[in-house]
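Coordinate analysis (summary)
Listed below are the residues making up each chain.
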Amino acid sequence: AGMEGSGDASRAVADWRLAVWTLCSVLLPVMITAWCSFQRSRRQLLIRDIFRKSKHDWHYTDLFGQPSYCCVCAQHILRGAFCGCCGLRVSERCLKKADQRFLCKEIMMRGTAGAPSSMPHHWIRGNVPLCSCCIVCKQQCGTQPKLCDYRCVWCQYTVHDECMVDCLRTEDCTFGEFRDLIIPPYYLSAINQMRKEKRTSYEKVVPYDRKHWMPVMVLANTRSGNNMGETLLGEFKMLLNPVQVFDLSKIGPAKALQLCTWLPCNTVRVLVCGGDGTVGWVLDAIDEMKIKGQERYIPQVAILPLGTGNDLSNTLGWGAGYAGEVPVEQILRNVMEADGIKLDRWKVQVTNKGYYNLRKPKVFTMNNYFSIGPDALMALNFHAHREKTPSLFSSRIINKAVYFFYGTKDCLVQECKDLNKKVELELDGERIELPNLEGIIVLNIGYWGGGCRLWEGMGDEPYPLARHDDGLLEVVGVHGSFHCAQIQVKLANPVRLGQAHTVRLILKSSKMPMQVDGEPWAQGPCTVTITHKTHALMLYHSGEQTDDDDASSLSE
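One numbering rule holds for all chains: residues counted from 1, following each sequence as written. Local features are withheld for residues below a pLDDT of 70 in this predicted model, meaning they are given only at 70 or higher, and side-chain atom pairs are given and counted only at 80 or more; totals for whole chains, interfaces and linings count all residues. Side-chain numbers come from the whole structure's heavy atoms, not from hydrogens or water.

**A look at a nonpolar patch on the surface**
Two distance rules govern patches: like charges are joined within 9 Å, and nonpolar side chains (Val, Leu, Ile, Met, Phe, Trp, Tyr) within 5 Å, applied only to residues with over 30% relative accessible area and no salt bridge. Accessible surface area values rest on a Shrake-Rupley calculation with a 1.4 Å probe, where residue burial reflects the displayed protein chains alone. One side-chain nitrogen of Lys or Arg within 4 Å of one carboxyl oxygen of Asp or Glu is enough to make a salt bridge. Nonpolar side chains collect at one region of the surface, where Leu23, Leu27 and Met31 lie side by side and expose about 300 Å² of accessible area between them. Relative to the helices and strands, Leu23 resides in helix H1 (residues 2-53). To qualify as a helix, a DSSP run of H or I must reach at least 4 residues; to qualify as a strand, a run of E must reach at least 2; elements of each kind are numbered from the N terminus.

**A short note on helix H4 (residues 185-196)**
For H4, built from 12 residues, the straight-helix expectation of 16 Å at 1.5 Å per residue is met to within 8% by its first-to-last C-alpha distance of 17 Å. Residues Pro185, Tyr186, Tyr187, Leu188, Ser189, Ala190, Ile191 and Met194 constitute the buried set of H4. A helix is expected to reach a length of 1.5 Å times the quantity of its residues less one. For each residue, the accessible area found with a 1.4 Å probe, counting protein chains only, is set against the maximum for its type, and the residue is called buried under 20%, exposed over 50%, and partly exposed in between.

**With respect to the pattern of salt bridges**
Going through the model one piece at a time under the given rule, you end up with 14 salt bridges. One salt bridge connects Arg52 with Asp49, and the closest N-O pair in it is separated by 2.6 Å. In this pair, Arg52 and Asp49 both sit in helix H1, 3 residues apart, roughly one turn of the helix. A residue is classified by how much of its surface remains accessible, and Asp49, at 27% relative accessible area, is partly exposed. Across the pair Arg345 and Asp287 runs a salt bridge, and its minimum N-O distance is 2.3 Å.

**Considerations on the sheet that holds strand S4 (residues 80-83)**
One open sheet accounts for 3 strands, arranged S1-S4-S5; its pairing is antiparallel. Here the strands that pair on one side only, and so sit at the sheet edges, are strand S1 (58-61) and strand S5 (89-90). For two strands to be treated as a pair, DSSP must find no fewer than two bridges joining them. When S4 meets S5, the two strands line up antiparallel, connected through 2 bridges. Residue pairing for S5: Phe82 is matched across the bridge by Arg89.

**Some remarks on the side chain of Asn444**
Residue placement: Asn444 occurs in the loop between strand S18 (439-443) and strand S19 (447-448). We classify Asn444 as buried; its relative accessible area is 0%. Throughout this description, a polar contact denotes any pair of N or O atoms lying within 3.5 Å of each other; where both atoms belong to protein, one of them has to be capable of donating a hydrogen while the other can accept it, and for residues adjacent in sequence the pair is counted only when both atoms sit in side chains. Among the polar contacts listed, one links the side chain of Asn444 to the side chain of Trp346, at a separation of 2.8 Å. A contact between two residues is defined here by any heavy atoms of the two lying within 4.5 Å. Leaving out residues up to four positions away in the same chain, Asn444 has contacts with Leu343, Asp344, Trp346, Met366, Asn367, Asn368, Arg467, His468, Leu472 and Leu473.

**Some details on the pairing of strand S26 (residues 526-540)**
Strand direction decides the pairing type here: strand S13 (residues 339-352) and S26, joined by 14 bridges, are antiparallel. Across the sheet, Gly340 pairs through a bridge with Leu539, a residue of S26. In this structure, strand S23 (residues 503-507) lies alongside S26, joined through 5 bridges in antiparallel fashion. Note that in S26 the partner of Arg504 across the bridge is Thr529.

**Description of the side chain of Lys237**
When you line up the elements, Lys237 lands in helix H5 (residues 229-239). The contact partners of Lys237, leaving out residues within four places of it in the chain, are Asp57, Gly84, Cys85, Lys105, Pro242 and Val245.

**A word on the packing of H5 against helix H9 (residues 328-337)**
Here an angle of 0 to 180 degrees is reported between the N-to-C directions of two axes, which are lines fitted to C-alpha atoms, with helices fitted over the stretch in contact. Where H5 contacts H9, the two axes come as close as 10 Å, and the packing angle between them is 70°. By the angle class used here, H5 and H9 are roughly perpendicular. The interaxial crossing formed by H5 with H9 has right-handed handedness. In this structure, H5 contributes Leu232, Glu235, Phe236 and Leu239 to the contact, and H9 contributes Val328, Glu329, Ile331 and Leu332. Residues are sorted three ways: Asp, Glu, Lys and Arg are charged, Ala, Val, Leu, Ile, Met, Phe, Trp, Tyr, Cys and Pro are nonpolar, and all the rest, Gly among them, are polar. Of the residues that constitute the contact of H5 with H9, the class distribution is 6 nonpolar, no polar and 2 charged. Working definition: roughly parallel below 35 degrees, roughly antiparallel above 145 degrees, roughly perpendicular at 65 to 115 degrees, and oblique for all remaining angles. By the definition used in this description, the sense in which the near helix is turned from the far one sets the handedness, with an anticlockwise turn below a right angle giving left-handed and a clockwise turn giving right-handed.

**A word on H5**
Among all positions of H5, only Gly229, Leu232, Leu233, Gly234, Phe236, Lys237 and Leu239 are buried. The inward-facing, buried residues of H5 abut strand S9 (216-220), strand S10 (245-247), strand S11 (269-274), strand S12 (300-305) and H9.

**With respect to the packing of aromatic side chains**
Pairing of aromatic side chains here covers Phe, Tyr and the six-membered ring of Trp, requires ring centres within 6.5 Å, and sorts the geometry by plane angle: under 30 degrees stacked, over 60 edge-to-face, intermediate tilted. What the rule picks out here adds up to 4 aromatic pairs. Seen from their ring centres, Tyr187 and Trp213 are 5.0 Å apart, and the 70° between their planes marks the pair as edge-to-face. Taken as a pair, Tyr187 in helix H4 and Trp213 in the loop between H4 and S9 lie far apart in primary sequence, 26 residues in all. In textbook terms, an aromatic cluster arises when at least three aromatic residues are bridged by ring pairs, as seen for Trp154, Phe175 and Tyr186. Over the face of the ring belonging to Tyr447 we find Arg453, whose NZ or CZ atom lies 4.9 Å from the ring centre. Charge-over-ring placement is defined geometrically: NZ (Lys) or CZ (Arg) within 6 Å of the ring centre, and within 35 degrees of the ring normal.

**Remarks on the pairing of S12**
Counting buried residues along S12, 5 of its 6 residues qualify, which places the element largely inside the surrounding structure. At this point the chain moves from S11, through helix H7 (residues 276-291), to the parallel S12, and the crossover so formed is right-handed. Call a crossover right-handed when, viewed with both strands pointing away from you, the route from the first strand across the helix to the second goes clockwise.

**What about the sheet that holds strand S15 (residues 369-372)?**
Reading across from one edge, S22-S21-S18-S15-S24-S25 is the order of the 6 strands in this open sheet, with antiparallel pairing throughout. Strand pairing shows two members of the sheet lacking a second neighbour, strand S22 (495-500) and strand S25 (519-523), which therefore form its edges. The mean inter-strand angle of the sheet, taken between neighbouring strand axes irrespective of direction, is 15°. Bridge count between strand S24 (residues 512-516) and S25: 5 bridges; the pairing is antiparallel. Bridging across to S25, Gln515 finds its partner in Pro520.

**Points about the environment of Thr351**
Turning to its location among the elements, Thr351 is positioned in strand S13. Placed 11 residues apart in sequence, Thr351 and Lys362 show a C-alpha to C-alpha distance of 6.6 Å.

Shown next, in the form of structure tokens:
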């Protein structure tokens, strides 16, 4: 019995030990995981706190796109933080030291006596751009696998460690290739001081009096197209004064454009990074400046196309779509070299039938085109699905595929047939007899449908090219979605209904899809009147227009 008792006790001890080890084997990984998760969360909170309080434009990355070295400890790093304005790169553990030790680009000079007209270079050591050359010896910089060489954050000049001399540290910065586009910090500080003193004689402030100074503002919609806006914002901030670069998802164009009132009259150029809708948004804000009496500060507008259609951009020579194939430096050169032109803007008034005294008419501003019929139906279906699942529509290729799907569906269903029996069309007060149609398109610009010259069609008939500054609208008809597709690949011509200064369209019965510049809606019986509203000052870049196949290949 004693032996049996001792055996039971030893088995109990063994079972207890097994239970303890089993518990430890389960709890220990859980505790280690929880501790690591806590430390990671704590570290992320500290990083976010530094980002929030810092004057640098810090961004965290899990993998740098090129060999990078920490600006504090000089060690090679694969991940860490970088400043989107001055280009500093730092490891996670050195972030706080870097934030305290290094200054970022100054938007405005502070604490200076008098009105300075120059400023010294702002040198940053290491991580110089690939293929950059030393301004002293003209040899390539950044070739050694370590933290080496210097770059000025304003003029972008680079210099070897051994070529850096005291005079380079103290000499005035020239602002480099883009000096005519950059707003210097000392200019803003001088204007700010003059405004406080209620003085408006800016003419003697440098570089206000410089002949070729044409400061540029960059307005980027980070939600357009392939979501390239975030990357572009950082690249433009590196080359320009960060105060010139605006994220339209955080600040509206009306507020951003008030910077024009600090700058010389009739010299400012605005680069809009986004689709045709973003461009229309900015042009509406410019019209508001005219209403406020700020017409002499109106800027000229260039476009970097990030949207899906980009027909206005294509018409003005900026291409049918941007996917990063052109360096940002070349984009700024194109903006400098572009020529000023005018763009007609039109008022579209939609008055519902039977509600003249009860409802105000809907009023739109048109830059590109108005349509009723199959292409408006495709746009309506596309927008309905994009609002339900916006995450699926971040690619230009997917967007075009969805349009193709709805176009194919309409070829089979023909929801807009017998349009000619449902509407009346008047051009400059003269009624037009309509043939059998499914859609009517009123054009202000040459391109339509993502790169198709609709008015010219196949180009086999002697019709003059459509212009965007002649005060005339081109009106065409289409027989359906299949006919639209034939026109886009130059296998058919549209039904040309005429040109006019004023277009009036009466929808007599039923509900039909309509759109103005890609913004669709379903409309009941109404009268649509299109009249000239104003002109917009745009910038035209020659040599970048693409037609049909070229346009689609660029978009993809």
